[in-house]
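Structural overview
What follows is each chain in one-letter form.
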Amino acid sequence: MEKYKNMLNATRFAGATLLSLGVAIFLYGIFISDNNAAIGVGIGTVMGSVFIFLIGLFLVASEEMVTNSRK
(Lines give C-alpha, C1' and ligand atoms only; values in the text may rest on other atoms or scores of the structure.)
Protein backbone atom coordinates (compact mmCIF):
# COMPACT_ATOMS: atom_id res chain seq x y z
CA MET A 1 0.00 0.00 0.00
CA GLU A 2 3.00 2.27 0.39
CA LYS A 3 3.43 2.61 -3.38
CA TYR A 4 -0.07 3.91 -3.89
CA LYS A 5 -0.15 6.29 -0.94
CA ASN A 6 0.34 9.31 -3.23
CA MET A 7 -2.66 8.38 -5.35
CA LEU A 8 -4.78 7.77 -2.28
CA ASN A 9 -3.73 11.10 -0.76
CA ALA A 10 -4.58 12.91 -4.01
CA THR A 11 -8.08 11.44 -4.14
CA ARG A 12 -8.57 12.19 -0.45
CA PHE A 13 -7.49 15.80 -0.92
CA ALA A 14 -9.67 16.28 -4.01
CA GLY A 15 -12.65 14.64 -2.29
CA ALA A 16 -12.28 16.70 0.88
CA THR A 17 -11.91 19.95 -1.05
CA LEU A 18 -14.98 19.30 -3.17
CA LEU A 19 -16.93 18.08 -0.16
CA SER A 20 -16.30 21.27 1.79
CA LEU A 21 -17.10 23.38 -1.29
CA GLY A 22 -20.32 21.44 -1.86
CA VAL A 23 -21.43 21.83 1.75
CA ALA A 24 -20.72 25.56 1.57
CA ILE A 25 -22.74 25.93 -1.64
CA PHE A 26 -25.57 23.87 -0.17
CA LEU A 27 -25.71 25.94 3.01
CA TYR A 28 -25.55 29.13 0.94
CA GLY A 29 -28.51 27.92 -1.10
CA ILE A 30 -30.57 27.09 1.98
CA PHE A 31 -29.88 30.01 4.30
CA ILE A 32 -28.73 32.97 2.21
CA SER A 33 -29.92 32.71 -1.37
CA ASP A 34 -33.47 32.57 -2.65
CA ASN A 35 -32.21 30.65 -5.67
CA ASN A 36 -33.11 26.96 -5.46
CA ALA A 37 -30.53 26.04 -8.09
CA ALA A 38 -27.73 26.59 -5.56
CA ILE A 39 -29.15 23.78 -3.42
CA GLY A 40 -29.00 21.37 -6.36
CA VAL A 41 -25.49 22.42 -7.27
CA GLY A 42 -24.38 21.89 -3.66
CA ILE A 43 -25.91 18.42 -3.52
CA GLY A 44 -24.35 17.52 -6.86
CA THR A 45 -20.94 18.71 -5.74
CA VAL A 46 -21.12 16.65 -2.55
CA MET A 47 -22.19 13.56 -4.51
CA GLY A 48 -19.38 14.14 -7.01
CA SER A 49 -16.78 14.40 -4.27
CA VAL A 50 -17.92 11.13 -2.72
CA PHE A 51 -17.84 9.51 -6.17
CA ILE A 52 -14.30 10.75 -6.85
CA PHE A 53 -13.07 9.45 -3.50
CA LEU A 54 -14.71 6.03 -3.90
CA ILE A 55 -13.42 5.56 -7.45
CA GLY A 56 -9.89 6.51 -6.34
CA LEU A 57 -10.10 4.15 -3.39
CA PHE A 58 -11.34 1.35 -5.65
CA LEU A 59 -8.52 1.92 -8.14
CA VAL A 60 -5.87 1.84 -5.42
CA ALA A 61 -7.34 -1.29 -3.84
CA SER A 62 -7.70 -3.13 -7.15
CA GLU A 63 -4.16 -2.22 -8.22
CA GLU A 64 -2.86 -3.49 -4.90
CA MET A 65 -4.77 -6.75 -5.32
CA VAL A 66 -3.42 -7.25 -8.84
CA THR A 67 0.12 -6.60 -7.66
CA ASN A 68 -0.23 -9.01 -4.71
CA SER A 69 -1.77 -11.77 -6.84
CA ARG A 70 1.25 -11.81 -9.18
CA LYS A 71 3.66 -12.62 -6.33
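Check the entry above for the structure.
Residues numbered from 1 in each chain as written. Predicted model: local features only at pLDDT ≥ 70, side-chain atom pairs only at ≥ 80, totals over all residues. Heavy atoms only, no water.

This part covers the overall build of the protein. A count of helical and extended segments in the protein gives two helices and zero strands. Along the longest, intermediate and shortest principal axes, the C-alpha atoms of the protein span 60 × 15 × 10 Å. Taking as baseline every contact in the protein between residues at least 6 positions apart, the subset at least 24 positions apart corresponds to 57%. Measuring between centres, the 5 positive side-chain charges of the protein sit 13 Å from its 4 negative side-chain charges. (Helix = DSSP H or I, 4+ residues; strand = E, 2+ residues; numbered from the N terminus. Contact = heavy atoms within 4.5 Å. Lys, Arg positive; Asp, Glu negative; His and termini not counted. Charge placed at Lys NZ, Arg CZ, Asp CG, Glu CD.)

Across its 28 residues, helix H1 (residues 5-32) extends 39 Å between first and last C-alpha, which sits within 8% of the 40 Å expected from 1.5 Å per residue. Buried residues in H1 make contact with helix H2 (37-69). (Expected span 1.5 Å × (residues − 1).)

Of note, Tyr-4 is situated in the segment before H1. In this structure the C-alpha to C-alpha distance between Tyr-4 and Glu-64, which are 60 residues apart in sequence, comes to 8.0 Å. Those residues within four positions of Tyr-4 in sequence are excluded, and the remaining contacts are Val-60, Glu-63, Glu-64 and Thr-67. In this structure the side chain of Tyr-4 is engaged in a polar contact, spanning 3.0 Å, whose partner is the side chain of Thr-67. (Polar contact = N/O pair within 3.5 Å; in protein donor to acceptor, adjacent residues only side chain to side chain.)

Let us look at the environment of Leu-59. In this structure, Leu-59 sits in helix H2. Linking Leu-59 and Gly-22, residues 37 residues apart in sequence, is a C-alpha distance of 24 Å.

Now for the side chain of Ser-49. Structurally, Ser-49 can be placed in helix H2. According to the relative accessible area criterion, Ser-49 is buried, its value standing at 2%. Sequence-distant contacts of Ser-49, defined by excluding residues within four places in its chain, comprise Gly-15, Leu-18 and Leu-19. (Buried < 20%, exposed > 50% of the residue type's maximum accessible area, 1.4 Å probe, protein only.)

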